Amino acid sequence: MSVESIMIQDPEGTTSADVLVGFGFNCYRLQTIVSGQTIDVLWSEPGFETGSKRASGSGIPILFPFPGRIKGTQFHWNDRAYPLEEGDGCGNAIHGFVHHRPWRLIDRGADFVTAEFQPSIDDARLLDQWPSDFFLRATYRASKACLASHFEVENRGNEPLPMGLGTHPYFRLPLQSDSNADDCRVQVPVSSSWELIEMNATGKCLPLADALAYQTGLRFGDVRFDNVFSGLTGRPGQREAQLHDSNPGCSVRIRWSDEFRELVVYTPPHREAICIEPYTCVPDAFRLAQQNINAGARLLQPGESFQASVDILIADS
């Protein structure tokens, strides 16, 4: 399998990103120069650029119209059951439809690339798997020591569109080749955590007894995560997580717009990366909404639209 890789680069030539439009519009490589050293910010499995590896396991998978798991393989909506594909090895659907399918290239320049996905155009079979047709446009733009991503969603169908959006970036640790991954620091602006049973949300959101430790920084070697956090702290419009290399000289900030109200943090078994994942809702938010639990479920009426953004910033620390 061959998938075209598009490189974008900032005007100064210090920051570049590589994107697979034909494989989920996944930005699988991000490099920048910090203090004269080239930093690989994202982790991807060797050979990911061929399009033959697990789509959700590298780079920045885009998760839509639902991030995370939906319990089982059916989405129940308005007295109808929509069939979904099992995707987590435990009998649940996971991460929506767009992260492993080809998108359409719409526009590109030296420092940006834009692509779109719409079921009625790109995979009409999906119209039987979700209540309404949707339009998703994403743009990546490279600037000095920054990768900005912007997302636009519109309900292009005739029925209300239940939706949630998430991104699933794999950040490489350590950031510098001569550093120690275990001694890197992870800061996440959270104060509560959703209870999970067999990785499905129960609807209980519990306060973190040690929230301050999460906010001020945890040693990577001491943590194992597959958690859905909430209670985001910080000023609106400026909420961010941070990764600090074990050696002084490099840090990464992940900043997101206020549409993202949950934060999933995941440490893959290979321990070469950590995932900091902004979500607009709790996984399986509409099941929880039927229990009168505010889990961030969004419903777009026909013609209604939604926008959100995530920025990755790299700096001397």
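This one's a predicted model, so the numbers in the text were calculated from it and none came from an experiment.

The rules we used
Residues numbered from 1 in each chain as written. Predicted model: local features only at pLDDT ≥ 70, side-chain atom pairs only at ≥ 80, totals over all residues. Heavy atoms only, no water. Phe/Tyr/Trp six-rings, centres within 6.5 Å; stacked < 30°, edge-to-face > 60°. Helix = DSSP H or I, 4+ residues; strand = E, 2+ residues; numbered from the N terminus. Buried < 20%, exposed > 50% of the residue type's maximum accessible area, 1.4 Å probe, protein only. Pairing = 2+ DSSP bridges. Contact = heavy atoms within 4.5 Å. Disulfide = S-S within 2.5 Å. Polar contact = N/O pair within 3.5 Å; in protein donor to acceptor, adjacent residues only side chain to side chain.

Considering the packing of aromatic side chains
Argument step 1. For the structure on display, the rule yields 18 aromatic pairs.
Argument step 2. With a centroid separation of 5.5 Å and 25° between ring planes, the pair formed by Phe66 and Trp130 is classed as stacked. With a gap of 64 residues between them, Phe66 in the loop between β5 (62–63) and β6 (69–70) and Trp130 in the loop between α1 (119–122) and β12 (134–143) connect regions that are remote in the sequence. For the pair shown, Phe66 and Trp130 are each scored as buried.
Argument step 3. Ring centres of Tyr214 and Phe225 lie 6.0 Å apart, and the angle between their planes is 40°; this geometry places the pair in the tilted category.

Looking at the sheet that holds strand β23 (residues 251–256)
Argument step 1. With antiparallel pairing, nine strands are arranged side by side in an open sheet as β10-β11-β12-β13-β27-β23-β22-β17-β20. Because the sheet does not close on itself, it has two edges, and the strands there are β10 (104–108) and β20 (218–219).
Argument step 2. In the sheet, strand β17 (residues 185–187) pairs with strand β22 (residues 240–244) via three bridges, with the strands oriented antiparallel. Bridging from a neighbouring strand, Gln187 pairs with Gln242 of β22.

What to know about the side chain of Ser58
Argument step 1. Among the secondary structure elements, Ser58 is positioned in the loop between β4 (37–40) and β5.
Argument step 2. The class of Ser58 is buried, set by a relative accessible area of 0%.
Argument step 3. Not counting residues within four places of it along the chain, the set of residues in contact with Ser58 comprises Asn26, Trp43, Ser44, Glu45, Phe48 and Tyr170.

Focus: the state of the cysteines
Argument step 1. Under the definition given, this model contains zero disulfides.
Argument step 2. Not engaged in a disulfide, the cysteine Cys146 finds its nearest cysteine sulfur in Cys27; these two sulfurs lie 12 Å apart.
Argument step 3. A relative accessible area of 10% means that Cys146 is categorised as buried.

A short note on the environment of Gln242
Argument step 1. Here Gln242 shows up in strand β22.
Argument step 2. Overall, the relative accessible area of 21% leaves Gln242 in the partly exposed class.
Argument step 3. Along the sequence, Gln242 and Ile312 sit 70 residues apart, while their C-alpha atoms lie 9.8 Å from each other.
Argument step 4. Ignoring sequence-local partners within four residues, the contact set of Gln242 consists of Arg185, Val186, Gln187, Val252 and Arg253.
Argument step 5. In terms of polar contacts, Gln242 uses its side chain to reach the side chain of Glu240, at 3.1 Å.

Re the environment of Pro67
Argument step 1. Relative to the helices and strands, Pro67 resides in the loop between β5 and β6.
Argument step 2. On the basis of relative accessibility, which here comes to 1%, the residue Pro67 falls in the buried class.
Argument step 3. For the pair Pro67 and Gly22, spaced 45 residues apart in sequence, the C-alpha to C-alpha distance is 20 Å.
Argument step 4. Apart from residues no more than four positions distant in its own chain, Pro67 is found in contact with His95, Gly164, Leu165, Gly166, Tyr279, Cys281 and Pro283.

Regarding the pairing of strand β21 (residues 226–230)
Argument step 1. Two strands pair when backbone bridges link them, and strand β18 (residues 192–197) and β21 are joined in this way by two bridges, in the antiparallel orientation. Bridged to Ser192 within β21 is Ser230.
Argument step 2. Where β21 lies against strand β24 (residues 262–266), four bridges are found, and the strand directions are antiparallel. Looking at the pairing, Phe229 lines up with Leu263 of β24.

Notes on unusual backbone geometry
Argument step 1. For the peptide bond that leads from Phe64 to Pro65, omega is 5°, which places it in the cis range.
Argument step 2. Checked against the element boundaries, Pro65 lands in the loop between β5 and β6.
Argument step 3. In the segment running from Leu173 into Pro174, the intervening peptide bond is cis, with an omega of 0°.
Argument step 4. With respect to the helices, strands and loops of the structure, Pro174 is situated in the loop between β16 (170–172) and β17.
Argument step 5. The backbone of Asn78 shows a phi angle near 50°, a positive value even though the residue is not glycine.
Argument step 6. At Arg271, a position not held by glycine, the phi torsion is positive, near 60°.
Argument step 7. Tracing the sequence through the fold places Arg271 in the loop between β24 and β25 (273–279).
Argument step 8. The class of Arg271 is buried, set by a relative accessible area of 19%.

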